[in-house]
Amino acid sequence: MTRLSSATLAGLPADIVRPGYDRAAVRPGVVHLGIGAFNRAHQAVIFDDALTAGDLRWGVIAASLRSPGVRDQMMPQDCLYTMLVRDGSAEQARIIGVVSQVLVAPEDPAALVAALAAPDTHIVTLTVTEKGYKLDPATGALIEGDPQLAADLASLAAPQTAPGFLVAALAARRAAGLPPFTAISCDNLPHNGTRLRNAVLALAARHDLALADWIAAEGAFPETMVDRIVPATTDADIAALADRLGVEDQAMVKTEPFLQWVIEDKFCGPRPDFGAGVQVTAAVAPWEEAKLRLLNGAHSGIAYLGGLAGIDHVHEVLALPEARHFVETLWDEAQTTLSPPPELDVAAYRRELMARFDNPTLQHRTRQIAMDGSQKLPQRLLATIAARLAAGQGIDALSLAVAAWVRWQAGVDDRGEAHVVDDPLAAAIAARLADASSTQARVDAILGFDAVVPADLAGNAAFRAALIRWLAILEADGARAALAQL
């Protein structure tokens, strides 16, 4: 079938929303590192809105830091793709035209450095996942044993990591007399701007102290919070859209109506006049904390408990009354640890979250959410548990979610069916658990792994007891029995 492209836009059905600007007149003011489905349904849409509003400075050059998959989907389509917004039986299709090019960093690192260093580039956004920052979760220091980072520490002639590309490009900008860009992390990390800044400054200092001082003084790394549910696209989604459009779109994304981007008011150069869905604020942390501990914390619990029970999708997990009770109880626990801004009505936010989780048209897979758990648990669940324990409060639902993550590491669900533990620390965790012959020993093996569990929390007797209790139930009777006991 013919692919979506500039040449096929005119022939699309009349109800398909097309780019409302001249793509040939757009200048690339943004470079995005780590293009994937979430970026295409979130930040890219915000910049597409800016173009639609008439500010043509905000086109996007995107880059994959690993594989050519997204490039091979998008470039044959002139980088056009469809965003499907699904809400119940309603579905809106919009063609997004903001991306002009997709680079594959390992194939041509110099091309990506050149794009980052170009005079038109004012903003760099990143969705490289928690592991892409190359920082130790426990200490915040560079993971010097990481092979890619080790290569960037030795030389930035051909960078391999996100911090490496930023440092190389900032060095080139400084040498050319250009100001730095604003670098915006869009990953679900607490203090993500600070983490990105720390990684960049630490790497820069290893190469050139004057460069690090310049970046520290002149650059900007705003904190941000991003929120939109973007499930993985399936072959069935692509086929159904092809029937609707009359052309094939291999880069399509599907999402929900809700979109939120909270950005710290800290820029070092031009920025768009952000429209709907974006809030520029002096303090992102309270928004970020609420999102991580309510939405993301519940998502992780749903993913591991639902995955262990053999349930494929979030809305199917929440069809179980005991699972809804688990989520509400986890939210009750997490809510006491928050300091919400005046604009955030937590009760209304919880109702809105549950409605979003219940959206059956998203088909959000539990196994997609379960990926990279070792990188997600510290901010989604462990920090909340530490705050509750410090206040002398209970952790029943929160500790059940963590115990379900431990159980997930066994690589087999409650039906005896195997699954892949998709996690950068999977091998290290498996090695720790290999010689643990009892539930108590398995909990102790995890608690002793300071790459995931902070030492002060690992030594907490109440946390240890809760994990042993819940893991024993999960191992003996399964996830649904544990939910029923909660």
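Residues numbered from 1 in each chain as written. Predicted model: local features only at pLDDT ≥ 70, side-chain atom pairs only at ≥ 80, totals over all residues. Heavy atoms only, no water.

Moving on, we get to the sheet that holds strand 1 (residues 28-33). Spatial ordering of the open sheet is given by 5-2-1-6-7, a layout of 5 strands whose pairing is parallel. Looking at the sheet topology across the chains shown, the edges are occupied by strand 5 (99-104) and strand 7 (182-185). Each adjacent strand pair in this sheet contributes to an overall mean axis angle of 20°, direction not counted. Bridging between strand 6 (residues 123-126) and strand 7 involves 4 bridges; their strand directions are parallel. (Pairing = 2+ DSSP bridges. Helix = DSSP H or I, 4+ residues; strand = E, 2+ residues; numbered from the N terminus. Axes fitted to C-alpha atoms, helices over the stretch in contact; angles between N-to-C directions.)

We now examine helix 4 (residues 109-117). Each α-helix winds once per 3.6 residues, and so residues spaced three or four apart point in a common direction. All of the buried residues along helix 4 are Pro109, Leu112, Val113, Ala115, Leu116 and Ala117. Here the buried face of helix 4 lies against strand 1, strand 2 (59-64), strand 5, strand 6 and helix 6 (162-175). (Buried < 20%, exposed > 50% of the residue type's maximum accessible area, 1.4 Å probe, protein only. Contact = heavy atoms within 4.5 Å.)

Looking now at the packing of aromatic side chains. What the rule picks out here adds up to 6 aromatic pairs. Between Phe267 and Phe274 the ring centres are 6.3 Å apart and the planes differ by 45°, which places this aromatic pair in the tilted class. Both residues of the pair, Phe267 and Phe274, belong to the buried class. Positioned above the aromatic ring of Tyr81, the side-chain terminus of Arg40 is 5.8 Å from the ring centre. (Phe/Tyr/Trp six-rings, centres within 6.5 Å; stacked < 30°, edge-to-face > 60°. Lys NZ or Arg CZ within 6 Å of the ring centre and 35° of its normal.)

Turning our attention to the pattern of salt bridges. Summed over all chains, the structure comprises 29 salt bridges. A salt bridge links Lys134 to Asp146; the shortest N-O distance between them is 3.2 Å. Here Lys134, found in the loop between strand 6 and helix 5 (147-154), pairs with Asp146, found in the loop between strand 6 and helix 5; they are 12 residues apart in sequence, far enough to count as distant. Under the relative-accessibility criterion, Asp146 is labelled buried at 17%. (Salt bridge = Lys/Arg side-chain N within 4 Å of Asp/Glu carboxyl O.)

On to the packing of helix 7 (residues 192-207) against helix 8 (residues 209-218), then. Packed helix pairs are specified by the crossing angle of their axes together with the interaxial distance, meaning the distance between the axes. Their axes nearest at 6 Å, the elements helix 7 and helix 8 cross at an angle of 155°. One way to sum up the angle between helix 7 and helix 8 is to call them roughly antiparallel. Contacts between helix 7 and helix 8 pair Arg197, Val200, Leu201, Ala204, Ala205 and His207 from the former with Leu209, Leu211, Ala212, Ile215 and Ala216 from the latter. Here the residues of the contact of helix 7 with helix 8 are counted per class, giving 9 nonpolar, 1 polar and 1 charged. (Parallel < 35°, antiparallel > 145°, perpendicular 65-115°, else oblique. Nonpolar A, V, L, I, M, F, W, Y, C, P; charged D, E, K, R; others polar.)

To continue, consider helix 6. End to end, helix 6 covers 20 Å across 14 residues, agreeing with the expected 20 Å (1.5 Å per residue, within 8%). Buried residues dominate helix 6, accounting for 10 of its 14 residues. Ala162, Pro163, Gly164, Phe165, Leu166, Val167, Ala168, Ala169, Leu170 and Arg173 are the residues of helix 6 that are buried. N-capping of helix 6 is provided by Thr161, with a side-chain oxygen placed 3.0 Å from the backbone N of Gly164. Count one or two residues on from helix 6 and you reach Gly177, which has phi positive near 80°. (Expected span 1.5 Å × (residues − 1). Polar contact = N/O pair within 3.5 Å; in protein donor to acceptor, adjacent residues only side chain to side chain.)

The subject of this paragraph is the UniProt feature "domain: Mannitol dehydrogenase N-terminal" (unreviewed entry) in the protein chain. Here the UniProt feature "domain: Mannitol dehydrogenase N-terminal" (unreviewed entry) sits at residues 29-273. Helix makes up 36% of residues 29-273 and strand 21%, and the two end C-alpha atoms of the span are 13 Å apart. (UniProt positions renumbered as here; feature names shortened; annotations may be inferred.)

Our focus in this paragraph is the side chain of Gln379. Mapping Gln379 onto the fold places it in helix 15 (residues 373-390). Overall, the relative accessible area of 5% leaves Gln379 in the buried class. In contact with Gln379, other than residues within four places in its own chain, are Glu130, Asn188, Leu189, Pro190, Leu292 and Arg293.

What follows concerns the nonpolar core. Among the nonpolar cores identified, the biggest contains 79 residues, and Phe326 and Phe463 are the most heavily contacted of them. In terms of domain composition, this core takes at least three residues from each of domain 1 (9-281) and domain 2 (285-485). Excluding its chain neighbours within four sequence positions, the residues that come into contact with Phe326 are Gly301, Ile302, Leu305, Ala397, Leu400, Ala401, Leu483 and Leu486. (Core = buried A, V, L, I, M, F, W, Y, C linked by side-chain atoms within 4.5 Å. Domains from an automatic or database assignment.)

Attention shifts here to the side chain of Gln43. In this structure, Gln43 sits in helix 2 (residues 43-52). With relative accessibility at 0%, the residue Gln43 sits in the buried group. When neighbours within four sequence positions are excluded, Gln43 is seen to be in contact with His32, Phe38, Thr127, Cys186, Val226 and Trp261.

Another aspect to go through is the domain arrangement of the protein chain. Considered domain by domain, the protein chain is made up of domain 1 (9-281) and domain 2 (285-485). Taking the mean C-alpha position of each, domain 1 and domain 2 sit 29 Å from one another. Contact residues are listed per partner, giving 29 residues for domain 1 and 26 residues for domain 2. Interface area, domain 1 with domain 2, both sides summed: about 2400 Å², of which 54% is carbon and sulfur. Run the count over domain 1 and domain 2 and you get 3 salt bridges. With its nearest N and O atoms 2.5 Å apart, the salt bridge here joins Glu256 to Arg356. (Buried area = accessible area lost by both parts, 1.4 Å probe.)

Attention shifts here to the state of the cysteines. According to the stated counting rule, one finds 0 disulfides in the structure shown. With no disulfide of its own, Cys79 lies closest to Cys186 among cysteine sulfurs, the gap being 19 Å. Its sulfur unpaired, Cys186 is 15 Å from the next cysteine sulfur, which belongs to Cys268. (Disulfide = S-S within 2.5 Å.)

Examined bridge by bridge, strand 3 (residues 81-87) and strand 4 (residues 90-96) share 7 bridges and lie antiparallel to one another. Bridge pairing in strand 4 places Tyr81 opposite Ile96.

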